[in-house]
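Summary of the model geometry
Each chain, written out:
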Amino acid sequence: MNFGPVALSLTASFMSAVTVLGTPADVYRFGASFVLFFIAYALVIILTSELFLPVFYRSGITSTYEYLQLRFNKPVRYAATVIYIVQTILYTGVVVYAPALALNQVTGFDLWGSVFATGIVCTFYCTLGGLKAVVWTDAFQMVVMIVGFLTVLIQGSIHAGGLHSVLEKAENGSRLNIFDFDVDPLRRHTFWTISVGGTFTWLGIYGVNQSTIQRCISCKTERHAKLALYFNLLGLWIILLCAVFSGLTMYAHFKDCDPWTSGIISAPDQLMPYFVMELFSTMPGLPGLFVACAFSGTLSTVAASINALATVTFEDFVKSCFPRLSDKLSTWISKGLCLLFGVICTSTAVAASLMGGVIQAALSIHGMCGGPMLGLFSLGILFPFVNWKGALAGLLTGIFLSFWVAIGAFIYPAPASKTWPLPLSTDQCGLSNVTESVPPVLSSRPAIAETWYALSYLHYSTVGCLGCIAAGVIISFLTGRQKGKDIPPLLIRPVCNLFCFWSKKYKTLCWCGVQHDSGTEQLLPENKGETMECDLDTNMSGFSRHIMLSSIEI
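Quick summary incoming for the structure in this document. Source: prediction; values computed, not measured.

1. Details of the overall build of the protein
- If you tally the helices and strands in the protein, you get 21 helices and 0 strands.
- Contacts in the protein between residues far apart in sequence, at least 24 positions, make up 84% of those at least 6 positions apart.
- Carbon and sulfur atoms form 66% of the exposed surface of the protein, whose accessible area is close to 22000 Å².

Below, the structure is given as structure tokens:
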């Protein structure tokens, strides 16, 4: 495929209804510091396109977890695949349930009707159309999302007295205090929390996630794959700015009568739909455009997740057990897996009601599972001396640390001084049932709840990734380092070349025995469809046969 529809598909898949509903509500309650993800997105795309993508693309793989088998062994691959499947199913449950709940509360749509209709539609066109159906429908849904956001922004700004009035009211309400350089990692959103923690979180989503890499390696050349990522960055920035300004516009509208604390709505995630229904109450059709916007985000993400789950399961489990399946049978099995995961993902939406706010729940799930996965792939790509024992132990260590802090934070919420949102007013509501929201009473808390469990949710990925890398390096040294000469050069990204460019001696030392100068690194400079011959036979033995087969299959 060309880079255009792939770029739109990437943006639509990860800018889901979580973004459409959750980000404006977060800005409304906590301020516009969310816009600092502008920096995190840029760092993530640069690292993905220059560090991770070249390795995956040139390896001729279909599933990112094939790489783990080539670099380490099957147990590492299977462990990572299971974690990815759990992560994706949980996240998809949030994506399906949250907008359905919000729209049910505000518009009267039947909750479970919305949930199951979404799941059925996504499963249907994903099963029948495969990846191309997902990519093209994502591209269309991306356009719908932007049109919906712009409609809300334009009409909301006009209603509030213009953009200048919106910004003035936001400034008076302390919503524009963006740059907070406090280095305390317990603070929910600061410059450093979002720049560092947000980069780790989104790098786990983009750099090593099957949903992303599957699209990138479907591009006709590596150059097209990189262009897709960089054009996708523009899409991410546009959606982010639209969501942040929607939140500020919403605050300007409700600054004297907050519908959440006044009891008009029951959850912050219902703010955006309620705002739209109030804003466009006399304009038939426009509320429906917003409904389409929210559900476009849901459809694109759920379809991408189902397709990626089916691909990973087929490549990592089915083909491993039954390597001689015919093409026709393989196609039917793939469609059956899409159907199965569509049912499972839709069913797990029931559990999403226990996960709290939409945006924080989604990023927490990605951090808990994506951080250790990022650490695992980093061990394989950046550290040639790490062996399979270190990789597996590092993955388990990262999972333990990230789940420990996340579950602890769920049981013992962070202190109010670290997370409590900005003031909201109900002075002009004129309602008798207005309730003043107060911080939750925190009693019988262990000392660890004030430090470790109070860590910002954006750092769950940081903890998991760094814990995985540290444990993997240490255990590899203790159990015997991997010999570099046994590792095919295209599986390692020699970033040390950037720091030791002046000395071939030091570069070679940092390669840890990997033969990067043997002429086998640039296997697919332009066209993935070219036959992978070069001098693989002399340097890669059985590995070359696997790559040749992968190339033919693709």
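2. Some words on the packing of aromatic side chains
- Within the structure shown, the criterion is met by 25 aromatic pairs.
- Ring centres of Tyr78 and Phe317 lie 5.3 Å apart, and the angle between their planes is 20°; on these two criteria the pair is classed as stacked. Placement of Tyr78 in helix α5 (residues 74–107) and of Phe317 in helix α12 (residues 286–321) is noted, with a sequence separation of 239 residues between them.
- Here a set of aromatic residues connected by ring pairs shows up, and it is made of Phe34, Phe37, Tyr41, Trp202 and Tyr206.
- Sitting over the ring of Phe30, Arg188 keeps its end group 3.9 Å from the ring centre.

3. Some words on the state of the cysteines
- Inspection of every chain in the model, using the stated rule, returns 1 disulfide.
- Disulfide pairing places Cys257 opposite Cys429 at an S-S distance of 2.0 Å. Across the S-S bond of Cys257 and Cys429 the torsion is about 115°, and the bridge reads as right-handed. In this pair, Cys257 is assigned in the loop between α10 (222–254) and α11 (271–279) and Cys429 in the loop between α16 (416–419) and α17 (460–479), connecting sequence segments 172 residues apart.
- For Cys257, a relative accessible area of 22% puts it in the partly exposed group.

4. Examining a nonpolar patch on the surface
- A contiguous nonpolar patch, built from Phe38, Ile39, Leu43, Leu47 and Leu241 and spanning about 350 Å² of accessible area, is present on the exposed surface.
- The greatest single-element share of the nonpolar patch, amounting to 4 residues, is contributed by helix α3 (residues 37–58).
- Relative to the elements of secondary structure, Phe38 occurs in helix α3.
- A relative accessible area of 31% places Phe38 in the partly exposed class.

5. Quick notes on the nonpolar core
- Core analysis: the largest hydrophobic core is formed by 122 residues, its most contacted members being Phe37, Phe52, Tyr67, Leu68, Tyr206 and Phe377.
- Taken together, domain 1 (3–356) and domain 2 (483–520) each give at least three residues to this core, which thus spans both.
- Contacts of Phe37, omitting those with residues within four sequence positions, involve Ile194, Gly198, Trp202, Leu240, Leu363 and Leu458.
- Ala243, Val276, Leu279 and Phe290 belong to the second largest nonpolar core, which has 27 residues in total.

6. A few points about the pattern of salt bridges
- This structure, assessed with the given rule, holds 9 salt bridges.
- The shortest N-O distance in the salt bridge between Glu222 and Arg58 comes to 2.9 Å. Residue Glu222 is found in helix α10, and its partner Arg58 is found in helix α3; the two are separated by 164 residues along the sequence.
- Under the relative-accessibility criterion, Glu222 is labelled buried at 5%.
- Given a relative accessible area of 9%, Arg58 falls into the buried group.
- With a closest N to O distance of 2.5 Å, Arg187 and Asp180 form a salt bridge.
- Residue Asp180 is classed as partly exposed on the basis of its relative accessible area, which comes to 24%.
- Look at the salt bridges and you will find they share partners, linking Glu50, Arg58, Glu222 and Lys226 into a network.

7. Focus on helix α15 (residues 388–411)
- Taking 1.5 Å of rise per residue, 24 residues should cover 34 Å, and α15 covers 34 Å from first to last C-alpha, within 8% of that figure.
- When α15 is considered as a whole, its buried residues turn out to be Gly390, Ala391, Gly394, Leu395, Gly398, Ile399, Ser402, Val405, Ala406, Gly408 and Ala409.
- The N-cap of α15, judged by a side-chain oxygen 3.1 Å from the amide nitrogen of Lys389 a few residues on, is Asn387.

8. Things to note about the side chain of Ser157
- Among the secondary structure elements, Ser157 is positioned in helix α6 (residues 111–160).
- Taking relative accessible area as the criterion, Ser157 reaches 13% and is therefore assigned buried.

Conventions used here
Residues numbered from 1 in each chain as written. Predicted model: local features only at pLDDT ≥ 70, side-chain atom pairs only at ≥ 80, totals over all residues. Heavy atoms only, no water. Helix = DSSP H or I, 4+ residues; strand = E, 2+ residues; numbered from the N terminus. Contact = heavy atoms within 4.5 Å. Areas by Shrake-Rupley, 256 points an atom, 1.4 Å probe, with all protein chains shown as cover. Phe/Tyr/Trp six-rings, centres within 6.5 Å; stacked < 30°, edge-to-face > 60°. Lys NZ or Arg CZ within 6 Å of the ring centre and 35° of its normal. Disulfide = S-S within 2.5 Å. Buried < 20%, exposed > 50% of the residue type's maximum accessible area, 1.4 Å probe, protein only. Patch = residues over 30% accessible without salt bridge, like charges linked within 9 Å, V, L, I, M, F, W, Y side chains within 5 Å. Salt bridge = Lys/Arg side-chain N within 4 Å of Asp/Glu carboxyl O. Core = buried A, V, L, I, M, F, W, Y, C linked by side-chain atoms within 4.5 Å. Domains from an automatic or database assignment. Expected span 1.5 Å × (residues − 1). Polar contact = N/O pair within 3.5 Å; in protein donor to acceptor, adjacent residues only side chain to side chain.

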